[in-house]
Amino acid sequence: MRSSAFFILSMLVLAAAPFIADNYVVRLCTFLCMYAALALSWNFIGGYAGYPSFATAGFFGLGAYAGALTQNLGFWLPLPWLFATVVVALFAAGLGFAILRMKGHYFAIGSISIVEILRLLASSWAQLTGGGDGLNVRILPGGPDYAGRVFLYSMMAVMIAAFITMLCVDRSRLGFGLRCIKQNEDAADMIGIDVTSYKTAAFTLSAMYCGTIGAIYASWVAYIDPSDAFSILLTLKVPVMTLLGGPGTVYGPILGAWVFVLLEEMIWAKFLEYNRAILGAVIVLLIFALPGGLLRMQWRRKWPSSVFGLPGLNRLKESR
Amino acid sequence: MNAQPILEVKGLSRAFGGVKAVNDVSFALHRGEIVGLIGPNGAGKTTLVNLITGVVPPSSGSVLFDGQDVTYQRPWQAARRGLARTFQIVQPFPEMTVLENVAAGALFAGRAANRADAEAQALEHLAFVGLAQDAHRPAAALPLPGRKRLELAKSLAMRPKVLLLDEVNAGLNSGEVDQALDLMRRIAAQGITILIIEHLMKVVLTLSQRVLVLHQGRLISSGDPASVVQDPQVVEAYLGSKFAERQRRMTANG
């Protein structure tokens, strides 16, 4: 229960940020929420179902463009975000049937190609998207302080929604079935799990909040272009965050995203020229040292496994 | 008893390239029967089970389950209908506990209403196969005989009408086989129809009411166990034509 107390406390701190800190901190907190929501989303397909998806940036970018275009048509703000969520969810559900036939490395490559195809589409379809010139999005009136709060709380709301969805899935038939699929897909099929539908559900869940986040991001930064919206770096970062925190757990993605973003911020501020190289080395070291993620370190033993749904935990106990 | 067979296979064939792994096989299982399926290595036994459970679609022929045509079903549909199987090579969910493994069967194919109910049912099935004390160990930690029983408990949790046991005794020593035999008898006593695919003649001959013999994809003989092992075609399939000839002469001479 310590981790849920920690979770609630950190939510309060994030919510209080605009009242106690400057806009730089508010912006950083917005990024913390944004990446935590993306990492939680990835956890559905990567952590539970065990399918290494690199489509995050595809969903994020599609959401960004869907949201930005509807916002520019003059719709009242949460509406474009909801629209983007629905568009991305439908897109992922349709795509899932085709792409989820592939496994392992093939699936990884297939999913990364979605990002590239969408990026090329966005940069070629200049009439609609503005192509490589990018797309200006209507700025939220009310000044930077007000906008900062709106976007922080919006990102936070999506993060909490993704978290609650994850808790529900973790305890449900779907979560149990996905864990079976991760460990042995053929056996899962044999005991009566409709694997195609389950995987498609996981893929859709992993996509929809990315769409919302992308749309909020577009409104927040007020300008998107294809290489920013469909960024390969984003598509790689998000799985790394989840792996860092603990894939297949409910708190792991949040922890991983926060550690990653804060590390990135610190390293970027201190080593302007070599920040990417240093960050890369730190990540490689962390992943090698903690193969199960931060949440599965030894001190975690004290906590009940059912809360985290850690299948590996009992094995750790066993071997000790 | 209902006269309609619970499982009926009609003219089932499957070719892999030029090889006819299963060639025009027809048979029926009646409710409550224990039937043995034997045949030399590569005879097509496992392919036949794969065809029946929808793992591979047949090239031709049909499968009827409880009077319903289920030829092109998916494996998960077969499981929910009550057609369970064990694998020759055991297939547990390695990182889950033994209990969770069995609960998965009860939840997705059996009649469990929720996780708690599934785990309660799973405990009963584990007690039945003698694995209750291992319920909370990870499945990967079980030794081979334990994994075979886990596989059995998982299939039972699915509340099957027909159970296809693909070499559940392979790799067990004779003491363990005796225990497994006892277990299968008790499963049959519950009224579950069983098809045993087996190399060990001891198991097939003591348990089966009827034996089917598969050789090079074809059903070459069927009948009660004692007469099937005397069938010259069966002897030839297993031991070669020379031995079959010798046996024929020996029986002729008394």
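It should be noted that the structure appears before, not after, this text.
Residues numbered from 1 in each chain as written. Chains lettered and ligands numbered in written order. Predicted model: local features only at pLDDT ≥ 70, side-chain atom pairs only at ≥ 80, totals over all residues. Heavy atoms only, no water.

With 29 residues of chain B in contact, the opposing surface of chain A contributes 22 residues. If you sort the residues of chain B by the area they bury against chain A, B:W76, B:E95 and B:F108 come out on top, with a joint share of 29%. Viewed at the interface, chain A and chain B are joined by one salt bridge. A salt bridge links B:R74 to A:D189; its shortest N-O distance comes to 3.5 Å. (Contact = heavy atoms within 4.5 Å. Buried area = accessible area lost by both parts, 1.4 Å probe. Salt bridge = Lys/Arg side-chain N within 4 Å of Asp/Glu carboxyl O.)

Another aspect to go through is the packing of helix 2 (residues 23–48) of chain A against helix 12 (residues 232–245) of chain A. Residues and elements named next belong to chain A. Put simply, helix 2 and helix 12 touch, their axes get as near as 9 Å, and they point 75° apart. For the element pair helix 2 / helix 12, the angle class is roughly perpendicular. The residues of helix 12 that touch helix 2, namely those facing Y35, L38, A39, W42 and N43, are L234, K237, V238, P239, M241, T242 and L243. For the contact of helix 2 with helix 12, the per-class residue count stands at nine nonpolar, two polar and one charged. (Axes fitted to C-alpha atoms, helices over the stretch in contact; angles between N-to-C directions. Helix = DSSP H or I, 4+ residues; strand = E, 2+ residues; numbered from the N terminus. Parallel < 35°, antiparallel > 145°, perpendicular 65-115°, else oblique. Nonpolar A, V, L, I, M, F, W, Y, C, P; charged D, E, K, R; others polar.)

With that settled, the discussion passes to the sheet that holds strand 6 (residues 83–86) of chain B. Residues and elements named next belong to chain B. Pairing in this open sheet of six strands is mixed, and the strands run 6-7-8-3-9-10 from one edge to the other. Each of the sheet's edge strands pairs with one partner strand only, and the pair in question is strand 6 and strand 10 (218–223). The sheet shows a mean angle of 20° between the axes of neighbouring strands, direction not considered. Here four bridges tie strand 3 (residues 34–38) to strand 9 (residues 210–215), and the two strands are oriented parallel to one another. Directly across from G36, in strand 9, lies its bridge partner V211. (Pairing = 2+ DSSP bridges.)

Applying the stated criterion across every chain yields a total of 15 salt bridges over all chains. Between A:E264 and A:K237 there is a salt bridge; the shortest N-O distance is 3.1 Å. Separated by 27 residues along the polypeptide, A:E264 in helix 13 (residues 252–270) and A:K237 in helix 12 bring together distant segments of the chain. One exposure class covers both A:E264 and A:K237, and it is buried. When the shortest N-O distance is used, the salt bridge between B:D166 and B:R85 registers 3.7 Å. Note that B:D166 is positioned in strand 7 (residues 162–166) and B:R85 in strand 6, a separation of 81 residues in sequence. (Buried < 20%, exposed > 50% of the residue type's maximum accessible area, 1.4 Å probe, protein only.)

Regular strands have side chains that alternate between both faces of the sheet. Residue and element names in this part refer to chain B. Relative to strand 10, strand 9 runs antiparallel, the two being bridged by five bridges. By the bridge assignment, L212 is partnered in strand 10 with S222. Hairpin geometry of strand 9 and strand 10 is characterised by an intervening segment of two residues between the two adjacent antiparallel strands and by a positive phi of about 50° at Q216.

All names here are of chain A. In a regular helix each residue adds 1.5 Å, so 14 residues correspond to 20 Å; helix 12 covers 21 Å between its end C-alpha atoms and thus fits that length. Burial of helix 12 is extensive: 10 of the 14 residues sit out of reach of the surface. Within helix 12 the residues assigned to the buried category are L234, T235, K237, V238, P239, V240, M241, T242, L244 and G245. Where the residues of helix 12 are buried, they touch helix 2, helix 3 (56–72), helix 5 (104–124), helix 13 and helix 14 (275–289). If you check the start of helix 12, you find a side-chain oxygen 3.2 Å away from the backbone N of L233, and it comes from S231. After helix 12 finishes, the residue G246 shows a positive phi value of roughly 135°. (Expected span 1.5 Å × (residues − 1). Polar contact = N/O pair within 3.5 Å; in protein donor to acceptor, adjacent residues only side chain to side chain.)

A complete count under the given rule lists four cavities of 30 Å³ or more for this structure. Roughly 100 Å³ of volume is contained in the largest cavity. Lining of the largest cavity is provided by B:P145, B:K148, B:R149, B:L152, B:V168, B:N169, B:L172, B:E176, B:Q179, B:A180, B:L183 and B:M184. Going through the elements one at a time, helix 5 (144–157) and helix 6 (174–189) of chain B are the ones with two or more residues in the lining of the largest cavity. Counting residues per element, the lining of the largest cavity draws most heavily on helix 6 of chain B, which supplies five residues. Broken down by class, the residue content of the lining of the largest cavity amounts to seven nonpolar, two polar and three charged. Residues from two domains meet in the lining of the largest cavity; each of domain 1 (7–82 + 160–252) and domain 2 (93–154) of chain B gives at least three. When its volume is computed, the second largest cavity comes out at roughly 60 Å³. The wall of the second largest cavity is formed by A:A187, A:M190, A:I191, B:R85, B:F87, B:Q91, B:E151, B:K154, B:S155 and B:M158. Sorting the residues of the lining of the second largest cavity by element identifies helix 9 (185–190) of chain A together with helix 5 of chain B as the ones contributing at least two each. Ranked by residue count, the leading element in the lining of the second largest cavity is helix 5 of chain B, at three residues. (1 Å grid on protein atoms, 1.4 Å probe; cavity = no way out; pocket = protein on both sides within 12 Å on 5 of 7 lines; lining within 4 Å. Points joined across faces, edges and corners; volume = space filled by probe spheres on them. Domains from an automatic or database assignment.)

None of this, on its own, says anything about what the molecule does.
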